[in-house]
Amino acid sequence: MAYTPEMKELIKRVEATRPERLARARRGENYPALTMAEREEVLSKYHPDYQSDAKRTVQVGPNKGDTFQEGVARLLESRSIVRPDKVNLSTVDFDTDVLVLGGGGAGTSAAIMASQGGCRVIIATKLRHGDSNTIMAEGGIQGATQECDSPYYHYLDTIGGGHFTNQRDLVAALAHDAPLSIAWLESLGMIFNKLPDGRMDSRHFGGSSRKRMQSAGDMTGAEIMRVIRDEVRNRSNLITTLEFHPAVELLLDEEGKCAGAILMNMETREFSIVRAKAVVIATGGFGRLHIKGFATTNHYGATMDGVVMAYRAGVGNKCLHSTQYHPTGVAYPEQNVGLLITEKVRGLGAHVLNIDGEQFCFPLEPRDVESAELIREAMDVGKGIITPTGRVGLWLDSPMIEELHGPGTVKKELPAKFIQFERHGIDISKEPMLVYPTLHYQNGGINVNGDSETIIPGLYGAGEAIGGVHGENRLMGNSLQDIITFGRRAGRNAASYIQGGVTLKGLTLDHVVKFEKELAEAGIEDPAIAPILLPDYATEEVVERRWTEALTDRAALR
Amino acid sequence: MCDADNTTTKKTIRVATGDRAILPEGAKTIPIYIMGKKYDVPETLTIMKAMEFAGFKFLRGAGCRGGICGACPTVYRMAGDYKLHYGLACQTVVEANMYLAQIPFFPANRAEYNIEEIGGAAEAIHALYPELFRCVACNLCTKACPMDVDVLGYISALKQGNIKKAAQLSFDCIQCGLCASRCMGEIPQYHIAQLARRVYGRYIQPRAEHLAKRVEEIESGKYDAMLQDLSAMSKEELEKCYVEREREPDMTAPGAWQPKETRYL
Ligand SMILES: Cc1cc2nc3c(=O)[nH]c(=O)nc-3n(C[C@H](O)[C@H](O)[C@H](O)COP(=O)(O)OP(=O)(O)OC[C@H]3O[C@@H](n4cnc5c(N)ncnc54)[C@H](O)[C@@H]3O)c2cc1C
Ligand code: FES
């Protein structure tokens, strides 16, 4: 959708200040960067991670006493969808060796490796197989495959990028397995960007000491997902995939081993019980919680379900207070809302501007600081631009790039973005883009060790759902590697655990009973019911017209 | 209710949060027909968000919401015009008097195979999908593709045994199934394309030799001690190693540069 006449009117203000701003830029002057103290202040006041107002301490469970965003805390302190005492656990609907929760990259790799180990596998996933964050990843996947590189340097880059807060056995596993993962994908027939002799055409990325990013066009995640999903479909003798069948609760056995899960068929609203000797949590991230109202880059089903279910079973999490926001997500046109605009645009000299076409920040602050400054300008100073769909954004003056570096630079340096906007009638070499911070990645997640094991025997975790690999800051390309490394490890280790002989005792939901008792004792009022499975985008008007207050039986209408 | 708040100077801005659309003051609505039924929705929304604005909650028909998963194929036409259009609900903006329906699933035959055994010859693909030769080159598949993939082009290439060309032409396929829904020959184009791409990646595209060598080194345990040492370091020691890393120059070709420090390679 091209800019509306009203927006075009506003763009004139940007154009009016541009010559003067360009002159300053040519003199090498920029809006002054913040001092360390000022950074602290803007972060603490406006960055969603730092603002204490919307954060709170959880009062129950393994992370009792830790502080989280309200939206996260509410789900950690939530009740089950089912009443544990009313569930008949004696009728088992599916019996299997390994139950994999989540059909993204991590779950799908785990399923393949478990079947390789001779196990019968069920993949239970929320949407279709492959509808996930994995399929959305564009940039690439890390792996120290070149001669000038090694797992040693991959380790260093990763832990340095994470401000040394990463869990070390996980970093070691990642760096060690990365080339093995890449070789595995190659042998499954993934098409990588290669030089004519077959060498990986790998590239640098933010925080890399070596060119370690391998890619498949600008749809690396999609290519990974397509290939491994296709491989699962070739193994129908061992792997069954249940789509639109999210897990809503883990099952333990009387000895405390993990023993399966309760699934819900979202289409018929029937529940089923899966008994499994091992379970892999690979349910991905939490972008769709829209922490503090932010738009997100994530897929429709990213609602933190795995972390919630594991929490009730006694598995805590780490780094979950930390969320990666990208300062420049698209705010207009609507079709692209939340999608990323690379830092390169600002690197090439584009200013970030308010509704009056004025600069209000140095354009290349660290990501978290930059995000906070945009939020302040729009929400507190009130100088954001409101779109026809009621979003708020700020200008990113991309036409400056043409003036500074010569005509044609935008198209040459930012081909994908150029096309993405051109398709909707916006020429970003002539018109500015409208941007706002967007919620990108769940840095934390459930606790596992380097073998993908949780503290519960038979329960494994992999992918965005686990915490510690990236510490408090993830490097690009490391999460696609994380899902293959730990997905494969989870599948392989689940298979060998089962081969070692696992005898399940009676199934129980006692952990849920116990957890809910804790909730009651802590006096938590009106806890959420979770996992929430899907976000609800009904408008206030629609909700009102649904007459929720006047209904005789609300449940009947669900 | 206390009205004291009205006197505060800062006006609260009502903005859309997350993916929930709102109708800001003064914004226009347009009529659209979802499966024949009229709804008034704000202009500039995508079909997906317009349907949510109208009160639908997706179960099927929404996945990535970013144009890459293929969950939301949609067929529409404009009032008074016979012409059918195809698009992704998450990428297509509503227009006044659009009649639309989603096709979230379309049945298509898929053949199982073993990637280890299939080999790089086109005959194997022909044997798995004999319906390939039912193609009458009507090109409806290409016209229906929301990703502008040359579907007929890759099907024709495969008929001629050109796997590389088929792999390249089909690379942007998101497997939404619109091609198959339009096909007179009842060909499952996107499954065949997937097979062709895997065969290409596995058997035709040259393998990365440096990768095979690295795998051997890792499996021989070459890096185990190094990684253990790193994990045992204090934060200060790690920081020192981190700061001392040499950076591969930007402009050298992959594989061309060697660092001064080679002990950890
Ligand atoms: C737009 C975008 C771009 C990115 N770019 C890159 C990049 O260039 N490089 C990089 O390394 N990383 C990138 N990332 C991050 C990376 O893609 C993800 O972190 C990673 O793919 C997550 O994989 P996963 O398998 O853990 O989760 P997902 O791929 O999200 O899969 C989780 C699956 O579990 C399902 N699920 C959820 N709840 C349940 C439940 N209760 N029961 C059953 N199933 C459930 C979900 O529907 C989904 O199918 C990007 C992410 C996004 C969103
Ligand atoms: S929802 Fe994924 S392509 Fe539209």
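Residues numbered from 1 in each chain as written. Chains lettered and ligands numbered in written order. Predicted model: local features only at pLDDT ≥ 70, side-chain atom pairs only at ≥ 80, totals over all residues. Heavy atoms only, no water.

K.L.:
Quick question: what am I supposed to make of the interface of chain B and chain A here?
P.N.:
It is common to give the size of an interface as the accessible area lost on bringing the parts into contact. Across the boundary between the two partners, chain B contributes 97 residues, which contact 106 residues of chain A. Summed over both partners, the interface of chain B with chain A buries about 8900 Å², with 56% contributed by carbon and sulfur atoms. The three residues of chain B that bury the most area against chain A are Leu59(B), Phe171(B) and His210(B), which together make up 8% of that side's buried surface. Our enumeration of links across chain B and chain A arrives at seven salt bridges. With a shortest N-O distance of 2.9 Å, Asp230(A) and Arg110(B) are connected by a salt bridge. Across the contact surface, chain B and chain A share 42 residue pairs in polar contact (both at pLDDT 80 or more). Within the residue set of the side of chain B that touches chain A, elements represented by two or more residues are α1 (47-53), α7 (189-204), α8 (209-219), α9 (224-232) and α10 (235-244) of chain B. Per-class residue counts for the side of chain B that touches chain A are 47 nonpolar, 21 polar and 29 charged. (Contact = heavy atoms within 4.5 Å. Buried area = accessible area lost by both parts, 1.4 Å probe. Salt bridge = Lys/Arg side-chain N within 4 Å of Asp/Glu carboxyl O. Polar contact = N/O pair within 3.5 Å; in protein donor to acceptor, adjacent residues only side chain to side chain. Helix = DSSP H or I, 4+ residues; strand = E, 2+ residues; numbered from the N terminus. Nonpolar A, V, L, I, M, F, W, Y, C, P; charged D, E, K, R; others polar.)

K.L.:
So what exactly am I meant to see when it comes to the site of ligand 1 here?
P.N.:
All names here are of chain A. Ligand 1 sits among 38 residues. The nearest are Asp 131, Thr 134, Glu 464, Ser 479 and Leu 480. The backbone of Asp 131 places a nitrogen or oxygen atom 2.8 Å from an oxygen atom of ligand 1. When contributions to the shell around ligand 1 are tallied by element, the ones reaching two or more residues are α4 (105-116), α8 (305-312), β17 (433-442) and α14 (478-499). Per-element accounting of the shell around ligand 1 gives the leading share, four residues, to α14. Looking at side-chain class alone, the shell around ligand 1 contains eleven nonpolar, 21 polar and six charged residues. (Near = heavy atom within 4 Å.)

K.L.:
Looking at this model, I keep getting lost on the environment of Glu343(A). Mind explaining?
P.N.:
Residue and element names in this part refer to chain A. Mapped onto the fold, Glu 343 is located in the loop between β13 (323-332) and α9 (344-347). Here Glu 343 falls in the partly exposed class, since its relative accessible area comes to 32%. Distance from Glu 343 to Asp 253, taken between C-alpha atoms, is 49 Å for residues 90 residues apart in sequence. Once residues lying within four places of it in the same chain are set aside, the contact partners of Glu 343 are His 326, Leu 364 and Arg 367. (Buried < 20%, exposed > 50% of the residue type's maximum accessible area, 1.4 Å probe, protein only.)

K.L.:
Before we go on, may I ask you to explain the pattern of salt bridges in this structure?
P.N.:
Where side chains of opposite charge bring their charged atoms close, a pairing between them can arise. One pass over the full model with this rule turns up 51 salt bridges over all chains. Here Arg56(A) and Glu77(A) are joined by a salt bridge, their closest N and O atoms 2.7 Å apart. In this pair, Arg56(A) is assigned in strand β1 (residues 55-57) and Glu77(A) in the loop between α3 (70-76) and β3 (94-101), connecting sequence segments 21 residues apart. Exposure remark for Glu77(A): the relative accessible area of 2% places this residue in the buried category. With its nearest N and O atoms 3.1 Å apart, the salt bridge here joins Asp427(A) to Lys430(A). Exposure remark for Lys430(A): the relative accessible area of 57% places this residue in the exposed category. Connected through shared salt-bridge partners, Asp230(A), Glu231(A), Arg235(A), Arg110(B) and Arg198(B) make up one network.

K.L.:
How should I be thinking about the pairing of strand β2 (residues 37-42) of chain B in this particular structure?
P.N.:
Across a regular strand the side chains alternate sides, sitting on one face of the sheet and then on the other. Residues and elements named next belong to chain B. The pairing of strand β1 (residues 29-34) with β2 spans six bridges and is antiparallel. The residue bridging Ile 34 from the neighbouring strand is Lys 37, located in β2. Between β1 and β2, which follow one another and run antiparallel, lie two residues, and Met 35 among them has a positive phi close to 50 degrees. (Pairing = 2+ DSSP bridges.)

K.L.:
Help me understand the packing of aromatic side chains, please; the structure alone is not making it clear to me.
P.N.:
When we look at a pair of aromatic rings, we describe it by the centre distance and by the angle of the planes. What the rule picks out here adds up to eleven aromatic pairs over all chains. Between Tyr152(A) and Tyr264(B), the aromatic rings sit 3.9 Å apart at their centres with planes inclined by 5 degrees, giving stacked as the arrangement. On the criterion of chain membership, the pair formed by Tyr152(A) in helix α5 (residues 151-161) and Tyr264(B) in the segment after α10 is interchain, its members lying in two chains. Residue class for Tyr152(A) comes out buried when judged on its relative accessible area of 6%. (Phe/Tyr/Trp six-rings, centres within 6.5 Å; stacked < 30°, edge-to-face > 60°.)

K.L.:
I keep staring at unusual backbone geometry and nothing clicks. Help me out?
P.N.:
For residues besides glycine, phi is generally negative; the peptide bonds are generally trans as well. With an omega dihedral of 0 degrees, the bond running from Tyr332(A) to Pro333(A) counts as a cis peptide bond. Position of Pro333(A) among the secondary structure elements: in the loop between β13 and α9. In the Ramachandran plot, Asp526(A) falls in the positive-phi region, its phi being about 50 degrees despite a non-glycine side chain. As for its placement among the helices and strands, Asp526(A) is situated in the loop between α15 (510-521) and α16 (540-545). Residue Asp526(A) is classed as exposed on the basis of its relative accessible area of 62%. We note that Asn139(B) has phi near 75 degrees; this positive angle belongs to a residue other than glycine. With respect to the element layout, Asn139(B) can be found in the loop between α2 (122-128) and α3 (140-144).

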